[in-house]
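Chain and residue survey
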Amino acid sequence: MTDAPAKPHKGRGMEGFVATWYARQTAHDREEVQQTARRIADLLNPGSRVLEIAPGPGYLAIELAKLAGGRVTGLDISRTFVQIAAENARRAGVDVDFEHGDAADLPFPDGQFDFIVCRAAFKNFTRPLVTLNEMHRVLKDNGTALVIDLRKDYSPRAVSDYFKNRGFFTAAIIKLTFRTMLKSRAYSKESMMGLVAQSQFGQGEIRLDPIGFELWLRK
Ligand SMILES: C[S@@+](CC[C@H](N)C(=O)[O-])C[C@H]1O[C@@H](n2cnc3c(N)ncnc32)[C@H](O)[C@@H]1O
């Protein structure tokens, strides 16, 4: 399979206390995650198979399992997150299959999923074109993939507003992470669409908000 030049950062998954800290912080995003899950669930049919790539603590996959009823699978490269997500699903009383694996080498046969979602993770992938092609491969014909991520030209003010209730210290750490790490990894609309054009999807639709984008892809 062809690939674009790999991205320079190491792309390690988040393990140990970093994963635990992230799980605690992103528990605050519950309302936004529930809203995203509702929008996705509206597009699914009974029995639809859903894959979340890089679910981290699993909050979105768990909400989807509550709403969609079909089979939901999550695949993450961090073993800590696979454990945290499985525990979160157990506590929520829903059945989600959280597995360990690499987005660039999905351990699934062709044409398995009706819907794939990947939130706040794509910019971290070191083999983005291979990953898009893997998403295409495991989607059913007429299936949809949704990539939600930070846009490179995000509004710093919108980020400040988003995190304003986290406490001074935590908000400062988060904003520093955006400036020093996330911004350099993030895609602009143009770079993202350039990648899509090279992929098996060929085309897609991108919707921007002040902080991020949603990329909608159809097979
Ligand atoms: C910032 S977290 C996002 C977690 C979650 N999607 C959310 O919305 O909060 C990035 C996630 O990407 C995962 N990840 C990074 N590289 C990966 C890869 N190559 N394959 C699968 N997961 C990966 C990390 O382990 C982590 O769970």
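Here the structure is shown first, and the text comes after it.
Below is a summary of the structure that appears in this document.

Examining the packing of helix α2 (residues 30-41) against helix α3 (residues 59-68)
Relative orientation of the contacting elements α2 and α3 amounts to 45°, with a least axis distance of 9 Å. The angle between the axes of α2 and α3 places the two elements in the oblique class. The handedness of the crossing between α2 and α3 comes out as right-handed. Contact residues: α2 offers Arg30, Val33, Gln34, Thr36, Ala37, Arg38, Ile40 and Ala41, while α3 offers Tyr59, Leu60, Glu63, Leu64, Lys66 and Leu67. Looking at the contact of α2 with α3, its residues break down into 8 nonpolar, 2 polar and 4 charged.

Quick notes on unusual backbone geometry
Even without being a glycine, Ala54 presents a positive backbone phi close to 60°. Relative to the elements of secondary structure, Ala54 occurs in the loop between β1 (49-53) and α3. Here the phi dihedral of Asn142 falls at roughly 70°; this positive angle occurs in a residue that is not glycine. In this fold, Asn142 is placed in strand β5 (residues 139-150).

Concerning the sheet that holds strand β4 (residues 113-119)
The 7 strands lie next to each other as β3-β2-β1-β4-β5-β7-β6, forming an open sheet whose pairing is mixed. Strands at the two margins of the open sheet, each flanked by one partner only, are β3 (96-100) and β6 (205-208). With strand direction ignored, the average angle separating the axes of adjacent strands in the sheet is 15°. In the sheet, strand β2 (residues 71-76) pairs with β3 via 5 bridges, with the strands oriented parallel. By the bridge assignment for β3, Gly74 is matched with Phe98. Against the sheet, α3 touches β1, β2, β3 and β4, its axis set at about 150° to β3.

Examining the pairing of β6
Pairing of β6 with strand β7 (residues 212-218), which is carried by 4 bridges, proceeds in the antiparallel orientation. Residue pairing for β7: Arg207 is matched across the bridge by Glu214.

Brief notes about the site of the ligand
Among the 19 residues in the neighbourhood of the ligand, the closest are listed as Tyr22, Ala54, Asp76, Ala103 and Arg119. In this structure, a nitrogen atom belonging to the ligand sits 2.7 Å away from a main-chain N or O atom of Ala54. One nitrogen or oxygen atom from the side chain of Arg119 is found 2.6 Å from an oxygen atom belonging to the ligand. The residue inventory of the shell around the ligand, partitioned by class, reads 10 nonpolar, 5 polar and 4 charged.

As for the layout of surface pockets
The rolling of a water-molecule-sized probe over the atoms marks out the regions of remaining empty space. Taken as a whole, the second largest pocket holds about 200 Å³ of empty space. Lining of the second largest pocket is provided by Thr26, Ala27, Arg30, Val33, Gln34, Tyr59, Ile62, Glu63, Lys66, Asn88, Arg91 and Ala92. Secondary-structure elements contributing two or more residues to the lining of the second largest pocket are α2, α3 and α4 (79-92). Considering every element that reaches the lining of the second largest pocket, the biggest residue donor is α3, with 4 residues. Residues of the lining of the second largest pocket, tallied by class, amount to 5 nonpolar, 3 polar and 4 charged.

What to know about the packing of aromatic side chains
Tallying each qualifying case throughout the model produces 5 aromatic pairs. Centroid distance Phe115 to Trp216: 6.3 Å. Interplanar angle 80°. Geometry classified as edge-to-face. With Phe115 in strand β4 and Trp216 in strand β7, this pair connects stretches of sequence that are 101 residues apart. As far as burial versus exposure is concerned, Phe115 and Trp216 are alike and both buried. Note on Phe122 and Phe125: the rings are 5.5 Å apart at their centroids and 65° apart in plane angle, and the pair reads as edge-to-face. By way of ring pairs, the aromatic residues Phe122, Phe125 and Tyr187 are connected into one cluster.

Rules used throughout
- Residues numbered from 1 in each chain as written.
- Predicted model: local features only at pLDDT ≥ 70, side-chain atom pairs only at ≥ 80, totals over all residues.
- Heavy atoms only, no water.
- Axes fitted to C-alpha atoms, helices over the stretch in contact; angles between N-to-C directions.
- Helix = DSSP H or I, 4+ residues; strand = E, 2+ residues; numbered from the N terminus.
- Parallel < 35°, antiparallel > 145°, perpendicular 65-115°, else oblique.
- Left-handed = near helix turned anticlockwise from the far one by under 90°.
- Contact = heavy atoms within 4.5 Å.
- Nonpolar A, V, L, I, M, F, W, Y, C, P; charged D, E, K, R; others polar.
- Pairing = 2+ DSSP bridges.
- Near = heavy atom within 4 Å.
- Polar contact = N/O pair within 3.5 Å; in protein donor to acceptor, adjacent residues only side chain to side chain.
- 1 Å grid on protein atoms, 1.4 Å probe; cavity = no way out; pocket = protein on both sides within 12 Å on 5 of 7 lines; lining within 4 Å.
- Points joined across faces, edges and corners; volume = space filled by probe spheres on them.
- Phe/Tyr/Trp six-rings, centres within 6.5 Å; stacked < 30°, edge-to-face > 60°.
- Buried < 20%, exposed > 50% of the residue type's maximum accessible area, 1.4 Å probe, protein only.

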